[in-house]
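# Observations on chain architecture
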Amino acid sequence: MGNLINNIIIIMYFIFRCMLRPFKMDNNGHTQQINMNPAKSSIGSSTSSSSLSTFTNLTSLQSLSIYSGSAVSQSFPSSSNTAINHNNILDKPLIRPRFEVSLSAFAFLFSELVQYNQNRVEDTIDLEKKLEEAGYRIGLRVVELVSCRDRMVKRETRIVNMLQYISNVIWKYLFNKTADNLERSTENEDEYMIHELNPITNAFVSVPATMGQLNCASFIAGIIAGVLDSAKFNAKVTAHLVSNEGAPSTPLSLAADRTIFLVKFSAEVMSRERKLG
């Protein structure tokens with residue numbers, strides 16, 4: 001009876017030891033203790049040709065390999081890299097190729113913008129102001145984004161150079177084309193005009209007779225004003241419809257009208273221009 005109790009105690013002792021410090025059987029039939037300390041570099045038999053994966057600190061590495069008979073691995077993502085894997089717009093690089101946007105997608109989104117503001121105004125003038133405000137917020141940011149992607153190292157300080165930058169670089173970045181014309185007013189030295197025969201904002205817009213001379217290109221006028229203000233060229237930009245008779249018609253053109261963006265600079269900008277000239 002005493003021997004049986006002693007055997008049971010011995011068996012329970014070895015079971016308890018195995019639970020705390022597991023053993024594995026090597027090729028020679030001998031038991032070998034497995035080191036479960038994460039600080040050690042490797043585990044397993046040194047005579048075996050197939051080495052086991054190293055156990056490392058789980059708080060610093062991304063994955064841990066678990067072996068059971070055959071080489072089977074399972075990855076455990078670390079908490080430090082979880083936030084980086086999310087699609088956060090702030091983590092995306094600014095320097096990347098420019099992608100074109102579907103014209104149908106833009107037309108649908110712009111249509112919703114016009115209808116949203118139309119239900120919150122009383123007349124056409126207020127609607128054009130709302131569109132200008134929406135475009136102005138875009139213009140403030142687009143000049144910084146384009147300058148960063150084009151790696152510009154200088155800032156324009158003259159009016160004509162800045163307007164050429166808008167009608168060429170900014171226009172091509174936004175509309176995949178340059179503006180049709182840029183001219184200076186012969187009557188007022190502080191007024192310049194950017195011509196656009198077929199504004200993309202007017203491509204699929206049908207203005208009812210009750211709304212008069214509504215020009216949805218006020219959205220583009222707001223973008224121009226935002227770009228100029230961001231570059232320290234304070235100006236008032238408005239969109240005007242003029243007769244387009246005799247011009248060749250295209251599927252995206254207005255039937256009889258084209259748009260002129262009138263840019264009127266402030267007295268402060270004109271005074272600075274005279275000092276530089």
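We now turn to the structure provided with this report. Since this is a predicted model, take the numbers as computed values, not measurements. (Residues numbered from 1 in each chain as written. Predicted model: local features only at pLDDT ≥ 70, side-chain atom pairs only at ≥ 80, totals over all residues. Heavy atoms only, no water.)

## Section: the pairing of strand β8 (residues 191-196)
By the criterion of burial, β8 is predominantly enclosed, with 6 of the 6 residues buried. What you see with β8 is no split at all: Glu191, Met193 and His195 on one side and Tyr192, Ile194 and Glu196 on the other are buried throughout. With 4 bridges connecting them, strand β7 (residues 181-184) and β8 associate as antiparallel partners. Among the inter-strand pairings, Glu183 is bridged to a residue of β8, identified as Met193. Count of turn residues in the β7/β8 antiparallel hairpin: 6 residues. In the sheet, β8 pairs with strand β10 (residues 257-265) via 6 bridges, with the strands oriented antiparallel. Bridge pairing in β10 places Met193 opposite Leu262. (Buried < 20%, exposed > 50% of the residue type's maximum accessible area, 1.4 Å probe, protein only. Helix = DSSP H or I, 4+ residues; strand = E, 2+ residues; numbered from the N terminus. Pairing = 2+ DSSP bridges.)

## Observations concerning the side chain of Glu128
Along the chain, Glu128 falls in helix α3 (residues 124-149). For the buried Glu128, which has no salt bridge, the nearest side chain bearing the opposite charge is Lys129, at an N-O separation of 9.0 Å. Filtering out sequence-adjacent residues up to four positions away, Glu128 remains in contact with Gln213, Leu214, Asn215 and Ser218. (Lys, Arg positive; Asp, Glu negative; His and termini not counted. Salt bridge = Lys/Arg side-chain N within 4 Å of Asp/Glu carboxyl O. Contact = heavy atoms within 4.5 Å.)

## Thoughts on the nonpolar core
Nonpolar side chains in soluble globular proteins generally cluster together in the buried interior. Ile224, Leu228, Phe261 and Phe265 are the most contacted members of the largest nonpolar core, which has 40 residues in total. Only α2 (103-118), α3, α4 (159-175), β8, α5 (218-230), β9 (235-243), β10 and α6 (267-276) provide two or more residues apiece to this core. By residue number, the principal contributor to this core is α5, which donates 8 residues. (Core = buried A, V, L, I, M, F, W, Y, C linked by side-chain atoms within 4.5 Å.)

## What about the sheet that holds β9?
With antiparallel pairing, the 4 strands of this open sheet are ordered in space as β7-β8-β10-β9. Edge positions in the open sheet fall to β7 and β9, since each of these has one partner strand only. Taking each pair of neighbouring strands and ignoring which way they run, the sheet shows an average axis angle of 25°. Across the sheet, α5 is in contact with β8, β9 and β10; its angle to β9 comes to roughly 150°. (Axes fitted to C-alpha atoms, helices over the stretch in contact; angles between N-to-C directions.)

## Quick look at the packing of aromatic side chains
Scanning the entire structure with this criterion turns up 6 aromatic pairs. Taking 5.3 Å as the distance between ring centres and 65° as the angle between the ring planes, the aromatic pair formed by Phe110 and Phe219 counts as edge-to-face. With Phe110 in helix α2 and Phe219 in helix α5, this pair connects stretches of sequence that are 109 residues apart. A single burial state applies to Phe110 and to Phe219, both of which are buried. Connected via pairs of aromatic rings, a cluster forms that spans Phe106, Phe110 and Phe219. For Arg120, the ring lying beneath its charged end belongs to Tyr116, and the centroid distance is 3.7 Å. (Phe/Tyr/Trp six-rings, centres within 6.5 Å; stacked < 30°, edge-to-face > 60°. Lys NZ or Arg CZ within 6 Å of the ring centre and 35° of its normal.)

## Notes on α6
When we look at burial in α6, the residues that qualify are Val269, Met270 and Glu273. Viewed end-on, α6 has its buried residues packed into an arc of 95°, placing them on one side of the element. Exposed residues pointing more than 90 degrees away from the buried face of α6 are listed as Ala267, Glu268, Arg274 and Lys275. Buried residues along α6 sit against α4 and β10. (Arc of directions from axis to C-beta.)

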